[in-house]
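Chains, contacts and geometry: an overview
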Amino acid sequence: MFYWLTALSDGGDFFNLFRYITFRAGGAFMTALIFGFLFGRPLINVLRRKQGKGQPIRDDGPEGHFSKAGTPTMGGLLIVGALLSATLVWARLDNPFIWLVLFVTLSFALIGFADDYAKVSKQNTAGVSGKVRLLLGIAIAVIAALWASAYHPVGLQNQLAMPVFKDTLINLGLFYVPFVICVIVGSANAVNLTDGLDGLAIMPVMIAGGTLGVIAYAVGRVDFTEYLDVHYVPGSGEILIFTAALFGAGLGFLWYNAPPAAVFMGDTGSLALGGALGAIAVVTKHELVWALVGGLFVVEALSVIIQVLYFKWSGKRVFLMAPIHHHYEKKGWAEPTIVIRFWIIALILALIGLATLKVR
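Please read all numbers here as calculations on a predicted model, not as lab measurements. (Residues numbered from 1 in each chain as written. Predicted model: local features only at pLDDT ≥ 70, side-chain atom pairs only at ≥ 80, totals over all residues. Heavy atoms only, no water.)

Attention now moves to unusual backbone geometry. Cis peptide bonds are those with omega within 30 degrees of zero, and the linkage from Pro 259 to Pro 260 qualifies with -10°. You can see Pro 260 is positioned in the loop between helix H8 (239–257) and helix H9 (266–284). Residues Ala 322 and Pro 323 are joined by a peptide bond in cis, for which omega reads 0°. Turning to its location among the elements, Pro 323 is positioned in the loop between helix H11 (295–314) and helix H12 (324–330). Positioned with a positive phi, Asp 229 is a non-glycine residue whose angle comes to about 60°. (Helix = DSSP H or I, 4+ residues; strand = E, 2+ residues; numbered from the N terminus.)

See below:
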């Protein structure tokens, strides 16, 4: 919205600053951060009053989690509220990719909210049916796939770009939409599975979001794409505004989610953030790099898949408990140790992902 102030500029005054994506990204970061600090405590108080017993704790979960009983959930409302407000204020609202990412974020947030509400109101961990969640997620991803393809350059439509081998494009044709479904729905559910310890999911989301924001800014500039030899996606640079807001919103939430958490993000936050990251990867044509940058989420999801399939086949378990962060809890690792080590892994993977921009 503030971009429209550039109409008041003569090219050399203060209003001209609003032309620059980097300036507006800084504004989005601060806006989201301040939003989190201002509304965090009031929201937590409201959630505590409305939810009573808070998020239900799994009976078969790690013993240490029973002490978290009564902690309110749906803290994702704070993240999504800050993210939405900051993006609408600082981003160019004539950019179709901004609206695409916001659509995916808000749609998955609504699914997550319905799931959290069902859990809290019924005081069990069942929530919304998994099939319903999956079908709704697929529908959202289909719309996002068609939306992204419509605004991608003709030469990139329905194409899979390869990292490192940058001249290589694979035409997915009819498989493009199913591929995008896997990316977006898979991302949403992978982040959701990772959100099992205080502060565990939000920092890797911020790290991954910041990384994808840098990539979006790079592929949205002709000069950068020529230097880095990556594919140019006009308009994608504006996504940096969204990811800067995500970083600010994440920090504001982490203030209250740091151990011991005063609030959980719940599915409202984890599904929304995971879906958003997947959508950004699709917009920037960096889906495979996202699999690397979000490798922590991939491992968390794979640990569940492996556990389920192996148990059905053999009746035995590979891990003491899945997702894999619970395995380390069962082995006696302290919760802060798991969280910080997973943060470190997420940072390392993000740096490797950024390195692929230049490597060929």
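For helix H4 (residues 130–151), which comprises 22 residues, the first-to-last C-alpha distance of 32 Å matches the rise-based estimate of 32 Å (1.5 Å per residue) to within 8%. Taken as a whole, H4 has its buried residues at Arg 133, Gly 137, Ile 140, Ala 141, Ala 144, Ala 145, Ala 148 and Ser 149. Projected onto a plane normal to the axis of H4, the buried residues spread over an arc of 160° and lie on a single side. In H4, those exposed residues whose orientation departs by more than 90 degrees from the buried face are Lys 131, Leu 135, Leu 146 and Ala 150. Contacts made by the buried residues of H4 are with helix H3 (96–122), helix H5 (176–194) and H9. In this structure Ser 129 caps H4, since a side-chain oxygen of it lies 3.3 Å from the backbone nitrogen of Lys 131. (Expected span 1.5 Å × (residues − 1). Buried < 20%, exposed > 50% of the residue type's maximum accessible area, 1.4 Å probe, protein only. Arc of directions from axis to C-beta. Contact = heavy atoms within 4.5 Å. Polar contact = N/O pair within 3.5 Å; in protein donor to acceptor, adjacent residues only side chain to side chain.)

The next subject is the packing of aromatic side chains. Counting across every chain of the model gives 11 aromatic pairs. An aromatic cluster of three or more residues is present, and its members are Tyr 328, Trp 333 and Phe 342. Sitting above the plane of the Phe 224 ring, Arg 221 keeps its charged end 4.3 Å from the centroid. Here Arg 341 stacks its cationic end above the ring of Trp 333, 4.8 Å away from the centre of that ring. (Phe/Tyr/Trp six-rings, centres within 6.5 Å; stacked < 30°, edge-to-face > 60°. Lys NZ or Arg CZ within 6 Å of the ring centre and 35° of its normal.)

On to the pattern of salt bridges, then. The full count for this structure, using the stated rule, is 7 salt bridges. Between Arg 133 and Asp 115 there is a salt bridge whose closest N-O contact spans 3.1 Å. With Arg 133 in helix H4 and Asp 115 in helix H3, this pair connects stretches of sequence that are 18 residues apart. Of the two residues examined, Arg 133 and Asp 115, each falls in the buried class. One network of salt bridges, in which partners are shared, links Asp 115, Lys 119, Arg 133 and Asp 267. (Salt bridge = Lys/Arg side-chain N within 4 Å of Asp/Glu carboxyl O.)

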